[in-house]
Structure formats: structure tokens, C-alpha cells
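# Descriptive structure summary
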Amino acid sequence: MDVFAGGVGRSDTVFKDFTCAIDDILSNTDLSASLRHEMLQLAVIFVCGISQLSPGAYFLRHDLFPCIVKTIKSPDTEQFTFEAVMLLALLANFHRSDAAKLNPYLRRIKETEDEALMRMICWAANFALAAAVKAYQTISDDSPPTLATSFNYFLSSLRPDRAFASAPVDPPRELFKNQPIEACVILLPLFEFLHGSSTFRMVFASTLQAEEELGKRAATRITPLPLTLISLSSYLFSHASSTSSPRAVAYANLAMSTLLVLVESDDVMAALHLDSKEDIRLCRQRQPPLPTVTPPRPPLCALLDCCILWLRHNLHKKLEVQCYLLCIRTCYRTLWYLQREHIRLEYHWQELWQALVLLLDFLANKLDSLATTGGVEMITQETLLLVDLALCRNEQLFPSPKAVHELVYEVVRSAEVFRKQRALLEKLASPHARRRSSGSSSPWSEALTNITAVAEHHETKLREAGVRSANQGLRAVAKEIEKDGLSYGEDVHRTDDPP
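Residues numbered from 1 in each chain as written. Predicted model: local features only at pLDDT ≥ 70, side-chain atom pairs only at ≥ 80, totals over all residues. Heavy atoms only, no water.

Filter applied, for reference: UniProt positions are given in the numbering used here, feature names are shortened, and annotations may be inferred rather than shown by experiment.
The name given to the chain in an unreviewed UniProt entry is Armadillo-like helical domain-containing protein, with Dichomitus squalens as the source organism. What the UniProt record of the chain gives under Subcellular location (unreviewed entry) is the line "Membrane".

## Some remarks on the overall build of the chain
Quick reminder of the rule: What counts as a helix is a DSSP run of H or I of at least four residues, what counts as a strand is a run of E of at least two, and both are numbered from the N terminus. Only protein chains enter the accessibility calculation, which uses a 1.4 Å probe; a residue whose area is less than 20% of its type maximum is buried, one above 50% is exposed, and one in between is partly exposed. We call two residues contacting when some pair of their heavy atoms lies within 4.5 Å. What sets the accessible areas is the Shrake-Rupley method with a 1.4 Å probe; for residues, cover comes only from the shown protein chains.
When its secondary structure is counted, the chain shows 24 helices and zero strands. Counting the 499 residues in the chain, one finds 51% classified as buried. For the chain, contacts bridging at least 24 residues in sequence account for 77% of all contacts bridging at least 6. Roughly 24000 Å² of accessible area belongs to the chain as shown, and the carbon and sulfur atoms make up 54% of that amount.

## Re helix 12 (residues 225-239)
Definition in use: Here a helix's expected span is defined as the number of its residues, less one, multiplied by 1.5 Å.
Here helix 12 contains 15 residues, and its C-alpha end-to-end distance of 22 Å stays within 8% of the 21 Å for a straight helix at 1.5 Å per residue. Taking burial as the measure, the 15 residues of helix 12 include 15 buried ones, the bulk of the element.

## Description of the nonpolar core
Quick note on the threshold: Here, nonpolar core refers to any group of buried Ala, Val, Leu, Ile, Met, Phe, Trp, Tyr and Cys residues whose side-chain atoms link them within 4.5 Å.
Within the largest apolar cluster, 162 residues are counted, with the highest numbers of intra-cluster contacts made by F59, L236 and W349. The element that contributes the greatest number of residues to this core is helix 16 (residues 321-341), accounting for 13 residues.

## Details of the packing of aromatic side chains
For any pair of aromatic rings, the description rests on two quantities: the centre-to-centre distance and the angle between the ring planes. Test applied: Pairing of aromatic rings covers Phe, Tyr and the six-membered ring of Trp, with a centre-to-centre limit of 6.5 Å; geometry is then stacked below 30 degrees between planes, edge-to-face above 60, and tilted otherwise. Placement of a positive charge over a ring is assigned whenever Lys NZ or Arg CZ falls within 6 Å of the ring centre and within 35 degrees of the normal to the ring plane.
Scanning the model with the defined rule gives 15 aromatic pairs in all. Taken together, the ring pairs connect F15, F18, F46, Y58 and F59 into an aromatic cluster. R61 extends its terminal NZ or CZ atom over the ring of Y58, reaching a point 4.7 Å from the ring centre.

## Some details on helix 7 (residues 104-111)
In plain terms, the rule: Here a polar contact is recorded for every N or O atom pair within 3.5 Å, except that within protein the pair must consist of a potential hydrogen donor and a potential acceptor, and residues adjacent in sequence are included only if both atoms are side-chain atoms.
For helix 7, every residue scored as buried is listed here: P104, Y105, L106 and I109. On the buried face of helix 7, the contacting elements are helix 4 (57-61), helix 5 (65-73), helix 6 (81-92) and helix 10 (187-196). At the N-terminal end of helix 7, a side-chain oxygen is found 2.9 Å from the backbone nitrogen of Y105, two or three residues along, and the residue is N103.

## Overview of the pattern of salt bridges
Formally: A pair is scored as a salt bridge if a Lys or Arg side-chain nitrogen falls within 4 Å of a carboxyl oxygen belonging to Asp or Glu.
Scanning the model with the defined rule gives 19 salt bridges in all. Residue E416 is joined to R419 by a salt bridge in which the shortest nitrogen-to-oxygen separation is 3.3 Å. With E416 and R419 both in helix 21 (residues 415-428) and three residues apart, this pair spans about one turn of that helix. Accessibility expressed as a relative area gives 47% for E416, which makes it partly exposed. One network of salt bridges, with partners in common, ties together D266, R333, R340 and E341.

## Looking at the packing of helix 13 (residues 246-263) against helix 16
For any two helices packed against each other, one specifies the crossing angle of their axes together with the interaxial distance. Just so we agree on the cut-off: Angular values range over 0 to 180 degrees, each being the angle between N-to-C directions of two axes fitted as lines to C-alpha atoms, with helices fitted over their stretch in contact. Should an angle fall under 35 degrees it is called roughly parallel, over 145 degrees roughly antiparallel, and 65 to 115 degrees roughly perpendicular, with every other angle called oblique. Should the near helix be turned counterclockwise from the far one by less than a right angle, the crossing is left-handed, whereas a clockwise turn marks it as right-handed. Three categories are distinguished: nonpolar for Ala, Val, Leu, Ile, Met, Phe, Trp, Tyr, Cys and Pro, charged for Asp, Glu, Lys and Arg, and polar for the others, with Gly belonging to the last.
It is the contact of helix 13 with helix 16, at a shortest axis distance of 9 Å, that shows an interaxial angle of 20°. Between helix 13 and helix 16, the interaxial angle falls into the category roughly parallel. Handedness of the crossing formed by helix 13 with helix 16: left-handed. For the pair formed by helix 13 and helix 16, the contact residues are A252, N253, M256, S257, L259, L260 and V263 on the first element and Q322, C323, L326, C327, R329, T330, R333 and T334 on the second. Its residues assigned to classes, the contact of helix 13 with helix 16 comprises eight nonpolar, five polar and two charged.

## Quick word on the side chain of E410
Its location among the elements puts E410 in helix 20 (residues 401-413). Exposure remark for E410: the relative accessible area of 2% places this residue in the buried category. If sequence neighbours within four positions are ignored, E410 has contacts with Q350, W353, Q354 and V357.

## Comments concerning unusual backbone geometry
The peptide bond linking Q287 to P288 adopts the cis configuration, its omega dihedral lying at -5°. Omega for the peptide link from P295 to P296 comes to 5°, which places this bond in the cis form. Residue placement: P296 occurs in the loop between helix 14 (266-272) and helix 15 (299-313). Even without being a glycine, S51 presents a positive backbone phi close to 50°. Since its relative accessible area comes to 43%, S51 is described here as partly exposed. For H342, which is not glycine, the phi dihedral falls at a positive 55°. Classification of H342 as partly exposed rests on a relative accessible area of 46%.

## Some details on the packing of helix 8 (residues 115-139) against helix 12
Where helix 8 contacts helix 12, the two axes come as close as 9 Å, and the packing angle between them is 35°. Of the two possible hands of crossing, helix 8 and helix 12 adopt the one that is left-handed. Every residue of helix 12 that contacts helix 8 at C122, A125, N126, L129, A130, A132, V133, Y136 and Q137 is listed here: L225, T228, L229, S231, L232, Y235, L236 and H239. Class assignment of the residues belonging to the contact of helix 8 with helix 12 gives a composition of 12 nonpolar, five polar and no charged.

## Regarding the environment of L352
Its place among the elements puts L352 in helix 17 (residues 349-366). Judged by relative accessible area, L352 falls into the buried class, the value being 0%. With 44 residues separating them in the primary sequence, L352 and I308 have C-alpha atoms 6.0 Å apart.

## Considerations on the confidence of the model for the chain
Heads up, the rule is: A residue's pLDDT is simply how confident the predictor is in it, with values from 0 to 100.
In the predicted model, the chain carries a mean pLDDT of 87, and 88% of its residues have values of at least 70. Throughout residues 161-165 the model reports pLDDT below 50, and contacts reaching past four residues in sequence, or to other chains, amount to three contacts.

## Brief notes about the environment of H458
Secondary-structure assignment places H458 in helix 23 (residues 443-465). A relative accessible area of 4% places H458 in the buried class. In this structure the C-alpha to C-alpha distance between H458 and I481, which are 23 residues apart in sequence, comes to 9.5 Å. Here H458 is in contact with V408, V412, E480, I481 and L486, once residues within four sequence places are set aside.

## Describing the state of the cysteines
Keep this limit in mind: When two cysteine sulfur atoms are found within 2.5 Å, that pair is recorded as a disulfide.
This model, assessed by the stated rule, comprises zero disulfides. The thiol of C306 is unpaired, and the distance to the nearest cysteine sulfur, on C307, comes to 6.9 Å. By relative accessible area, C306 is classed as buried at 1%. Looking at the unpaired C323, the closest cysteine sulfur is the one in C327, lying at 7.1 Å.

This is the structure in C-alpha cells:
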């Protein structure tokens, strides 16, 4: 206030005049587009510069939503949609937690039903996210292997100078230290609209069908926004913590929050679980890569693939607890929706079970060396509930008996990992929590009891059968389930929407 107004006493006059000037210039379509663009840039820079300081309150008193909308929808300034929607998201985040009811921008986002505005935002977001994906792919070509590329690699490996050369497993981490590029900031307004507006979620979901119809008439087409978002998420999750960049982790967290909003919306899920002919490009720059699947397949499968990438590639001593919690909740909400709607998704489920077991094993073995602010107990509990949901509601979830057999075999194979979880949770529990749980069992405790009972039952059967290999074990589990079914304990999951 001293710098811009010359003191607190003159701040009201100066900042009220400033916000009025922004409104007047952005609203005046008679002014040149370049002048309006410069004022928009000035507003963005100023709001970023003051962050959460007190001058931001003047932007709450003077509602700039109408002039920002006019900037986005005017033909001569629609090209500046990226900056306009960024300004709107920044204003919506001013003192978000303690002034949510006072923030007019949050209310406007929630209440607006202007579908033309929302389609413009989707267009700008798709363009920016596609640029961020391209930046990753330019650094390291991770195109899925084709017959021609595989043959060329084979011939190249036969050259005398390469016959004994060791191929690098992963590209060097330093290559990705500046990723993602600045265009990725569009995730912020995209999250704000998806989280705050049911109308925007409907428009967002409709872009899948709209682009499908457009593709029938056009030789070239743009990848729909939901698919571009999933594609970028796969790159963010694969490289987030490997570069030791707080910025990369922050964007990964924002992307995971956005995916959670998607799976919590029935409108979006209704679109994502349908087959799409679009080939969603997922990150294959880290080992082991995901299995390659040719379209058509539901985009929801690619969303689950993104969760697997996060689970696989971010197990470090400095554990990103919040993002792991969001990831587990995204998987849980996805499975809960599928079983509620009796949608038996064709998917490589075993990859997900293995990633979850890897997480549980890591937490049990590395607990003493983890650098976190807490939350490991909650990650473990929610992961156990996720595995329990899959076992308990398997008839509504899986497309074939084989998928059920693979899940049960993975649980049996990892029986020791699950047994470690009770000791882990008892170690992490506070004295108050121990006293409380001694009188009544908690859902996660019942879930762990269910899982270990299944594991130990089939462990005994495999020992009696003298199983010596994984294939024999899987066949023995399948035979046992086909004969007696999968007996299970108490169902601890809600029948209505999960919290």
C-alpha cells in the first residue's frame, strides 16, 4: 500500500480507482484489442504480485467477473482467453479458505450457466495442455513401439559398436527439471470450474461426444479436452518427485485433485466409461512402462493408468502424502462407481493391485526413514479399504472370473505384506486412537481382517497342493474359487455415495 498508494490513508482511493479502471477498459469494446490486452496483463501481474496480501480485498469488493467474461467472449479479444481465465482463477483463490462466502468469483463460477463461455474455456485449456504434453514428448520420444521401430532397433543392436552397449533404462532426470512448461498453469482455472460448476462438468464431458461427431466430418481433429488432461497427468505423475522440484510436485498435486473431481462427477464418469476410438497418449518415459492397449477402450482405463504411474514412480523417502491420498481416493471412487453401476470394466487390473501392494510394502519397510508431516496411517487405511472393496464387490466389478482369480492370487502372494500392516498401524496410532479402537473395530480394521482371512485361507490350500510356480498358484486359486466361491467377511462399505 505504501508503494502504490503512498500510504494506508490513500489506499482506498487508489485501489478503488485501479479496479474501476480495469473494469472500464476491459468492458469497453470500442477500445483497441491491444489496449484491453495490456490492461488484462497488468491485472494478472498485479494480482500475482500481491498474492494473499490485503490489496486483494479491493478485487473482491469490485466484481470483475462480467468484464472478464466479456473479454473471453468478444471476437477481438477471445484469443486472450488463457490470460482472462487465469485472472479469474487467481481472484477466486484470494483467501479461499476463510473468505469463500465473501468471494464473488467463487459464487459466480458456481452459479453461471453460460455454456458459450465454458466452451471457450475448454478450448483454451485444451490448447495449453496439449502444448505442455508436447514439451515432454519433445525431450524424449516415448511413442509406443511399432513393428517397424522394433525391427529397426533390432538391426541397430546388431552393429558391432552397439552389440554390447547397455541401453539406458530411463532418460536422465535432469532433462525434465524445467517441466512442466508455463502453459500448465491452465490447470488452476480448469480445476476451479470443474470443482465449482456442475454446468461446466456437463460441458466438459460433452466435449468427448462433440469431438467424436466432428471427427466423422473432418480429416483432422483435435484431441478432446478430457483426454488431453489425462495424457498430461500421466507425464506429471511419472516425473513429479523424480526431479526434486516443488513446482513439478505442486502441478502433479493439482492434476490429481482434478482427476478426483472428475471421478466424483456422475456426468463425467458416464462419458469416461464409454469406449473411445481415440488413442490416449500416456507417458512411457519411465520403466516399467504400462501395457500397450489399442483403442477402442474407455478413457477411464487411461485415468486408472495415471494413478498406477503415480503409485509406481513416487515412492521416495520424502513421501508426497497428500498426492498419495488423492490417488487412493480417486481409485476408490472409480471402483465404487463401477460397482454401483455394475460396469465390468475390461482393464489390466493386475497392474493396479501390484502397484497398491508395492505401496503398502514400501510404507511397512521404510516407515522409520520416511520424511513426512504425517498421513502415512491414513494412506495405509484407505489403501486397505480400496483392496477390500475390490474383493468384497468383485461380482459387480470384474468382467471375468479370471480377473477375480488374479486379484485373489495377488492378495495371497502378498499375504506377508498385508500382515505387516496391522503392526504398522498399531505403531502409528495415538494412545487415544488405541483406546478408542479397543472397544469397537474400525472399517479399516475389518477390511484388513477380511483381506488377511482370504490370504491365509488360500495360502493353506496352496501349501496342501504343493504349488511350486506362479502359474500353478493361479490355477489352484482359480480351481478353489470355482469350487467353493469366494467366501468373504463383513461388507464395511457404504451403499450410498462414499465420503
